[in-house]
Each structure stands twice: as C-alpha cells, then as structure tokens.
Amino acid sequence: MVTAAFVFASLAAQAAGGRSCGVQTVNSRGALVRVYFAKNGAVQRYELARSTNNPENDHDALVDLQTKFGPEDVNAPALRIVQFRDNGSGMRVPVKAVDSCGRVISLQ
C-alpha cells in the first residue's frame, strides 16, 4: 500500500515537473519520439517522429518512455473535437481536435 502511494506520488511529481504545454524530443532505442505535454504537465501524447523501421524496436521505445514519463492521456485534460467526417453510414468520426494548450491534433 505504501509502495503504491509512493509510485503515485512519483508520477504526480513527474507530471508537474514544469513541462506545461511543452514538447520534448527523445531518442530512445534509435527511434525519435516527440512527447507532448498538456497544460497540467501530464503527457498528452507520444508521436513517433523517426522510426527504426522495426516495429518491435519502435514499440519498445514507446514503452520505455511510458515508464519514464507515464502513460499518455491519463491525467491530461480531455481533447476538444473540432472537426468530424461522415463515414458513409451516418456516423460521424472525429478528424481534428484541440488539446489544452491550443495545439491542433489530427486524429487517425
């Protein structure tokens, strides 16, 4: 129980580490990954900027970063959807969103 509280406090301290609305580019296992931080300092998303051309290495790099910075979208404020497209069956699929820092994100 005490260990779980320590881990949670450690992750909260990492999230509040002065990275509000920042972007950090990290080279992990040969993959270049951009880490986008939300207004509250939590990780908004990870973006693979340069692949190693090996999906297993790319995935391992993302797992390493999640261990270091925490999972994406967990403590970050929700995205605001600003554009939708029709998928042909009457459902609307989100295409673009704005994060808490005002960055426009293209959803896939």
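The present account deals with the structure reproduced in this document. (Residues numbered from 1 in each chain as written. Predicted model: local features only at pLDDT ≥ 70, side-chain atom pairs only at ≥ 80, totals over all residues. Heavy atoms only, no water.)

1. What to know about the overall build of the protein chain
Reasoning step 1: A tally of helices and strands in the protein chain yields two helices and six strands.
Reasoning step 2: Counting from the amino terminus, the protein chain carries its helices and strands in the arrangement α-β-β-β-α-β-β-β.
Reasoning step 3: The buried share among the 108 residues of the protein chain stands at 26%.
Reasoning step 4: Considering only intrachain contacts with a sequence separation of at least 6, the fraction spanning at least 24 residues in the protein chain is 39%.
Reasoning step 5: Entry remark: accessible area of the protein chain is about 7000 Å², with carbon and sulfur atoms responsible for 54%. (Helix = DSSP H or I, 4+ residues; strand = E, 2+ residues; numbered from the N terminus. Buried < 20%, exposed > 50% of the residue type's maximum accessible area, 1.4 Å probe, protein only. Contact = heavy atoms within 4.5 Å. Areas by Shrake-Rupley, 256 points an atom, 1.4 Å probe, with all protein chains shown as cover.)

2. Comments concerning the pairing of strand β3 (residues 43-50)
Reasoning step 1: One ladder, built from six bridges, connects strand β2 (residues 31-37) with β3; its direction is antiparallel. Across the sheet, the residue bridging to phenylalanine 37 is valine 43, located in β3.
Reasoning step 2: Between β2 and β3, which pair antiparallel and follow one another directly, the connecting turn spans five residues, one of which, glycine 41, has a positive phi of 95°. (Pairing = 2+ DSSP bridges.)

3. A closer look at the environment of asparagine 54
Reasoning step 1: Locating asparagine 54 in the fold gives a position in the loop between β3 and α2 (55-69).
Reasoning step 2: Judged by relative accessible area, asparagine 54 falls into the partly exposed class, the value being 29%.
Reasoning step 3: Each C-alpha atom of the pair asparagine 54 and alanine 31 lies 9.5 Å from the other, and the pair is 23 residues apart in sequence.
Reasoning step 4: In terms of polar contacts, asparagine 54 uses its side chain to reach the backbone amide nitrogen of glutamate 56, at 3.0 Å. (Polar contact = N/O pair within 3.5 Å; in protein donor to acceptor, adjacent residues only side chain to side chain.)

Such coordinate-based values are descriptive only and should not be taken to indicate function.
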